Amino acid sequence: MKDRIISASGAPYDGYGREEMLESIARIGFRHVEPAFIVGYTEPFDESAFLPAEMASWRRSLSDAGLGCHAMSSHIDLGLDDSVEIFTGRMAFAAGIGARVIATNAAARQREQQFLRNIEVLLRRAEAFGIVIGLENPGDGSDNLFNIAQEGIALTRRFGSPWLGLNYDAANTASHRPQLRDFADDAVAALPASVHAHIKDVKRTPEGWFFVPVGEGDIDCRKLLGEIAKKPEMPISIEFPARLHRRADAQPVRRISPASLREIEQALTASLDAVKRGLAGGGAANSAAVAGAAAGAGA
């Protein structure tokens, strides 16, 4: 586990400035951040967020905070007519701030043919940038080209490219395909094709799905982390969308106000401790066991 990259997603810090986010992540003890540019998950943005000046600003901020960047989330539908142009700019940005993996959705099933044309071009550009495209399963209940592990594996096998893999998220599966029931099993099935994984937990209620620290929800994180432990070089990211929940129909709802910094830091500290325990073979500890975890634990 010593050499494994464990990033903190920027998603919990929706509503906070970049410097405050990076200072907090470093204070908790993470050494890597996964910037999150996800429509509906974060403050609104446009493609100006990926201009060279912004890239340079991010590099300075990361250096000042003493953090690295191995992965970036920037989800779009790769089956749209303008996806090649948009995602090329985002890949260039991600590579420019140090990322080696960029997470995105695949495409809605009805756009399969355009996706197949687009991904051929994008894979050539990914190779030029030296960045791997990590396809992520969605969480909104729609019909995607990648809904469950076997569909994602089939996509990667179809291209057989080292620049294409999966970024599986078991908590997304919980709301996306709740009939599967054992979401960790599907995540484990995806591991052979996975280049990165989001570690995230969620609890289902009559009102929908609510994100919780790792080990406190419906995902068998102990099982998943136990299998990930067998792949010591596989990078992962802890994600806790503190400002979001999903309704019973799986659609995301973003709170009016950001979560408090205290709530975010407590959840990420607990999650980091649970992940380390799981990777070490101790399983994902519950909140009572990790509530007093030291904020300075390294990652």
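This one's a predicted model, so the numbers in the text were calculated from it and none came from an experiment.

**Details of the environment of Gln 266**
Stage number 1. Position of Gln 266 relative to the elements: it lies in helix α9 (residues 261-280).
Stage number 2. Distance from Gln 266 to Pro 213, taken between C-alpha atoms, is 8.7 Å for residues 53 residues apart in sequence.

**A look at the pairing of strand β7 (residues 194-199)**
Stage number 1. Across the 6 residues that make up β7, a large majority, 5, are buried.
Stage number 2. With 4 bridges connecting them, strand β6 (residues 164-169) and β7 associate as parallel partners. What sits directly across from Tyr 168, in β7, is Ala 197.
Stage number 3. Here β7 runs beside strand β10 (residues 236-238); their pairing, made up of 3 bridges, is parallel. From the neighbouring strand, His 198 faces β10, where its bridge partner is Ser 237.

**A word on empty space enclosed by the protein**
Stage number 1. Under the defined criterion, the tally for this structure stands at 2 cavities of 30 Å³ or more.
Stage number 2. As a volume, the largest cavity reaches approximately 40 Å³.
Stage number 3. Forming the boundary of the largest cavity are Tyr 168, Asp 169, Ala 170, Ala 187, Leu 191, Ala 197, His 198 and Leu 224.
Stage number 4. Secondary structure elements with two or more residues in the lining of the largest cavity: β6 and β7.

**Quick notes on the side chain of Asp 14**
Stage number 1. Secondary-structure assignment places Asp 14 in the loop between β1 (6-9) and α1 (18-28).
Stage number 2. At a separation of 3.5 Å, a polar atom in the side chain of Asp 14 contacts the side chain of Arg 243.
Stage number 3. Other than its neighbours up to four places away in sequence, Asp 14 contacts Tyr 41, Thr 42, Glu 43, Arg 243, Arg 254 and Pro 258.

**Let's talk about the layout of surface pockets**
Stage number 1. If you add up the space inside the largest pocket, you get close to 530 Å³.
Stage number 2. The wall of the largest pocket is formed by 28 residues, among which Ile 38, Val 39, His 75, Asn 105 and Asp 140 lie closest to the centre.
Stage number 3. A breakdown of the residues in the lining of the largest pocket according to their chemical character gives 9 nonpolar, 9 polar and 10 charged.
Stage number 4. The calculated volume of the second largest pocket comes to roughly 370 Å³.
Stage number 5. Surrounding the second largest pocket, 18 residues form its lining, Tyr 16, Ala 36, Phe 37, Thr 42 and Trp 58 being those nearest its centre.

**Re the pairing of β6**
Successive residues of a regular strand alternate their side chains across the two faces of the sheet.
Stage number 1. Burial runs high along β6: 6 of the 6 residues are buried.
Stage number 2. Note: strand β5 (residues 132-135) against β6, 3 bridges, orientation parallel. Residue pairing for β6: Gly 134 is matched across the bridge by Gly 165.
Stage number 3. Between β5 and its parallel partner β6, the chain crosses via helix α5 (residues 149-159), and the hand of that crossover is right-handed.

The rules we used
Within every chain, residues take consecutive numbers counted from 1 along the sequence as written. Since the coordinates come from a predicted model, pLDDT governs what is reported: local features require at least 70, and pairs of side-chain atoms require 80 or more to be given and counted, while whole-chain, interface and lining totals use all residues. Just so you know, side-chain values use all the structure's heavy atoms and leave hydrogens and water out. The way it works is that DSSP assigns letters per residue, a run of H or I at least four long becomes a helix, a run of E at least two long becomes a strand, and they are numbered from the N terminus. Residue exposure (1.4 Å probe, protein chains only): buried if accessible area is under 20% of the type maximum, exposed if over 50%, otherwise partly exposed. When DSSP locates at least two bridges between a pair of strands, those strands are taken to pair. Only protein atoms enter the 1 Å grid used here. Points where a 1.4 Å probe fits but cannot escape make up a cavity, open sets with protein on both sides within 12 Å along at least five of seven lines make up a pocket, and a residue lines them when an atom lies within 4 Å of a point. Grid points are joined across faces, edges and corners, and a volume is the space filled by probe spheres set on the points. N or O atoms within 3.5 Å of each other form a polar contact, as long as, within protein, one can give a hydrogen and the other can take it, and as long as residues adjacent in sequence are counted only when both atoms are side-chain atoms. Throughout, a residue-residue contact means that at least one pair of heavy atoms, one from each residue, lies within 4.5 Å. Each residue gets one of three labels, nonpolar for Ala, Val, Leu, Ile, Met, Phe, Trp, Tyr, Cys and Pro, charged for Asp, Glu, Lys and Arg, and polar for the others, Gly among them. Handedness is read with the strands pointing away from the viewer; a crossover is right-handed when the path from the first strand over the helix to the second is clockwise.

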